[in-house]
Amino acid sequence: MVASSKLNHPLMRNNISRDDLDALIEYLKKDDPKLTQSSNVRYFEEEWSSWLGVKHSVFVNSGSSANLITLAVLRELHEGGEVIVPPLTWVSDVASVMQNGFKPVFADINPRTLCMDTSKILEKINSRTRAVFMTHVQGFNGLSDILLQELANRKIPLIEDVCESHGATFRSRKLGSFGWISNFSFYYAHHMTTIEGGMVCTNDDDAYQMLRMFRSHGMVRESSDSELRARYAEENPNLNPDFIFAFPAYNVRNTEIGGLLGRRQLMKLDRNNQRRRENFELFIARLDGTKFKTDFEVVGNCNYAFPVVLLEPSTERRDRLEKLLTNQNIEYRRGNAGGGNQLRQPYLKDVIKDREWENFPQAEHIHHYGWYIGNYPDLDRETIEKICVLLNSCS
Ligand SMILES: Cc1ncc(COP(=O)(O)O)c(C=O)c1O
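Please read all numbers here as calculations on a predicted model, not as lab measurements.

Draft legend 1. Fine view of the overall build of the protein chain. A count of helices and strands for the protein chain gives 12 helices and 12 strands. For the protein chain, the C-alpha radius of gyration of 22 Å lies close to 21 Å, the compact-globule estimate for 395 residues. Taken over the C-alpha atoms alone, the protein chain extends approximately 75 × 55 × 35 Å along its principal axes. A burial count over the protein chain gives 56% of its 395 residues as buried. Taking contacts inside the protein chain between residues at least 6 apart in sequence as the whole, the part at least 24 apart equals 73%. Counting every atom, the protein chain has about 17500 Å² of accessible surface; 49% of that belongs to carbon and sulfur.

Draft legend 2. Looking closely at the pairing of strand E10 (residues 305–309). Of all the 5 residues making up E10, 5 are buried; the element is thus mostly covered by neighbouring parts of the structure. A two-sided burial pattern is seen for E10, the buried positions comprising Ala305, Pro307 and Val309 on one face and Phe306 and Val308 on the other. Sheet topology places E10 next to strand E12 (residues 370–374); 5 bridges connect them, and they run antiparallel. Each residue of the ladder has a partner; that of proline 307, found in E12, is tyrosine 372.

Draft legend 3. How the structure looks around the pattern of salt bridges. Throughout the structure, instances matching the rule amount to 22 salt bridges. Across the pair aspartate 205 and lysine 55 runs a salt bridge whose closest N-O atoms are separated by 2.9 Å. Here lysine 55 lies in the loop between helix H2 (39–52) and strand E1 (56–60) and aspartate 205 lies in helix H7 (residues 205–215), a separation of 150 residues in the sequence. Glutamate 297 serves as the salt-bridge partner of arginine 112, at 3.8 Å between the closest nitrogen and oxygen. With arginine 112 in the loop between strand E3 (103–106) and helix H5 (118–124) and glutamate 297 in the loop between helix H9 (256–286) and E10, this residue pair connects regions lying 185 residues apart in the sequence. Taking the relative accessible area as the measure of exposure, arginine 112 reaches 35% and is therefore partly exposed.

Draft legend 4. View of the site of the ligand. The environment of the ligand is made up of 15 residues, and the closest members are Gly63, Ser64, Asp161, Glu164 and Ser185. A distance of 3.1 Å separates a nitrogen atom of the ligand from a polar side-chain atom of aspartate 93. Between glutamate 164 and the ligand, the recorded distance is 2.6 Å, taken from a side-chain N or O atom to an oxygen atom. In isolation the ligand offers 380 Å² of accessible surface; the protein chains occlude 92% of this area. Secondary-structure elements contributing two or more residues to the shell around the ligand are helix H3 (63–77) and helix H4 (91–99). Of all the elements, H3 adds the most residues to the shell around the ligand, at 3 residues.

Draft legend 5. Inspection of unusual backbone geometry at higher detail. Its identity is not glycine, yet aspartate 32 carries a phi of approximately 50°, on the positive side. Mapped onto the elements, aspartate 32 comes out in the loop between helix H1 (18–29) and H2. Judged by relative accessible area, aspartate 32 falls into the exposed class, the value being 68%. A positive phi angle, close to 55°, is found at lysine 155, a residue other than glycine. Mapped onto the fold, lysine 155 is located in the loop between helix H6 (145–154) and strand E5 (158–161). On the basis of relative accessibility, which here comes to 72%, the residue lysine 155 falls in the exposed class.

Draft legend 6. Quick peek at the sheet that holds strand E11 (residues 333–334). Ordered in space as E10-E12-E11, the 3 strands form an open sheet in which the pairing is antiparallel. Here the strands that pair on one side only, and so sit at the sheet edges, are E10 and E11. Across the sheet, helix H10 (residues 315–327) is in contact with E10, E11 and E12; its angle to E12 comes to roughly 15°.

Draft legend 7. Structural view of the packing of H3 against H7. Relative to each other, H3 and H7 sit at 120°, their axes nearing to 9 Å. Taken as axis vectors, H3 and H7 run oblique relative to one another. Where H3 crosses over H7, the handedness of that crossing is right-handed. Note on element contacts: H7 touches H3 through Ala207, Met210, Leu211, Phe214 and Arg215, opposite Ile69, Thr70, Ala72, Val73, Glu76 and Leu77. Considering only residue class, the contact of H3 with H7 consists of 8 nonpolar, 1 polar and 2 charged.

Draft legend 8. The nonpolar core, seen in detail. Among the nonpolar cores identified, the biggest contains 69 residues, and Trp48, Ile121, Phe283 and Leu391 are the most heavily contacted of them. Sequence-distant contacts of isoleucine 121, that is, excluding residues within four places in its chain, are made with Ile84, Ala107, Met116, Val132, Met134 and Leu147. By size, the runner-up hydrophobic cluster in this structure holds 38 residues, among which are Ala72, Phe106, Leu228 and Trp357.

Draft legend 9. Local environment of the environment of glutamate 46. Considering the arrangement of structural elements, one finds glutamate 46 in helix H2. Taking the C-alpha atoms as reference points, glutamate 46 and serine 57, separated by 11 residues in sequence, lie 7.0 Å from one another.

Draft legend 10. Expanded view of the environment of phenylalanine 170. Examined against the element boundaries, phenylalanine 170 turns out to sit in strand E6 (residues 169–170). Judged by relative accessible area, which is 10%, phenylalanine 170 ranks as buried. Residue contacts for phenylalanine 170: discarding those within four places in its chain leaves Asn141, Leu143, Ser144, Asp145, Leu148, Leu175 and Phe178.

Draft legend 11. Region of interest: the side chain of aspartate 20. Along the chain, aspartate 20 falls in helix H1. Side-chain polar atoms of aspartate 20 contact the side chain of arginine 264, separated by 2.9 Å. Excluding residues within four positions of it along the chain, aspartate 20 makes contact with Asn15, Leu261, Arg264, Gln265 and Lys268.

Calculation notes
Residues numbered from 1 in each chain as written. Predicted model: local features only at pLDDT ≥ 70, side-chain atom pairs only at ≥ 80, totals over all residues. Heavy atoms only, no water. Helix = DSSP H or I, 4+ residues; strand = E, 2+ residues; numbered from the N terminus. Rg over C-alpha atoms; globule rule 2.2 N^0.38 Å. Buried < 20%, exposed > 50% of the residue type's maximum accessible area, 1.4 Å probe, protein only. Contact = heavy atoms within 4.5 Å. Areas by Shrake-Rupley, 256 points an atom, 1.4 Å probe, with all protein chains shown as cover. Pairing = 2+ DSSP bridges. Salt bridge = Lys/Arg side-chain N within 4 Å of Asp/Glu carboxyl O. Near = heavy atom within 4 Å. Polar contact = N/O pair within 3.5 Å; in protein donor to acceptor, adjacent residues only side chain to side chain. Axes fitted to C-alpha atoms, helices over the stretch in contact; angles between N-to-C directions. Parallel < 35°, antiparallel > 145°, perpendicular 65-115°, else oblique. Left-handed = near helix turned anticlockwise from the far one by under 90°. Nonpolar A, V, L, I, M, F, W, Y, C, P; charged D, E, K, R; others polar. Core = buried A, V, L, I, M, F, W, Y, C linked by side-chain atoms within 4.5 Å.

In structure tokens, the structure reads:
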């Protein structure tokens, strides 16, 4: 076979290793192995909580489900109102807000972090604001001292979406440990994977009980609080205590396969993240700062995908760049997180004003002139150098 001379760079590679797969096979060889949510899920939740530095974690079947049940809990506390969200995020961050009866209010991003800008968030806060739903985009930190202080002063809960930023930090503390509730995704292309999967984390005991119930049909027996279970049983004497449904909820549970895989992946996460950080530093150092954005805020960054952002808004250069990448079999996604500016998406057309996206120039720039390409632990330095030479050659 003739070796390909192309760079052949996928968005993700070998995120599930051979020894992970062998461990799953060994598990399946057991006599009647338990496959639905059980002890591996519970251990994974405990191990994740201790890694992150929070009290409680609830393992679910995706990051989107984590978003959904988080906003469902907010809905139990507030009937309607506004939630501040970024224009550059994944669809489920905005959809979960709308599905739970809140109005999404957008705040433009800071081009150095790709996350919502503190000053833009503060401009949008008013008496109807029920939460700020921050997405830490592609390993960047979106928090600031001023933001945390202002939210604390005004008693506005912070929800952190850390689906793209496992292991990233603010002031040396892990993202996802600051907010009232935080969300993670373990989809294959992220820092670690359970094939599909997500985690909801919190220090709030009441929210935790609700999250457990929202994950499993709203069932009261899913709560780990015996007093809460007893109270529902007492208040509903004509119901079988095994089948009391407190909320109109969902089934977003994961499985023992996901739990087992998550526990194994977590053991490798810090080591893999160190490689990702080194890759990122090399990538940014080699990229031509006269063509591409290189002044990102790198402190605490933990990235799983290199951001490639043109400095100048040139559609011709954009098209030439995409051709170069395609010719070398380098997988890329234009618009960085989730396809660019959400305000342009059809699902929002009845919710926002006509051409509202024009009021978000920073997100617009990423929408048209930003991409990400893969950054994974077994990516070698030589390939990173070659990718940068290729990108820099784009006229
Ligand atoms: C910021 C963000 N939030 C939520 C999600 C949803 O995660 P999942 O794909 O696990 O549903 C993603 C997906 O990549 C994401 O990037």
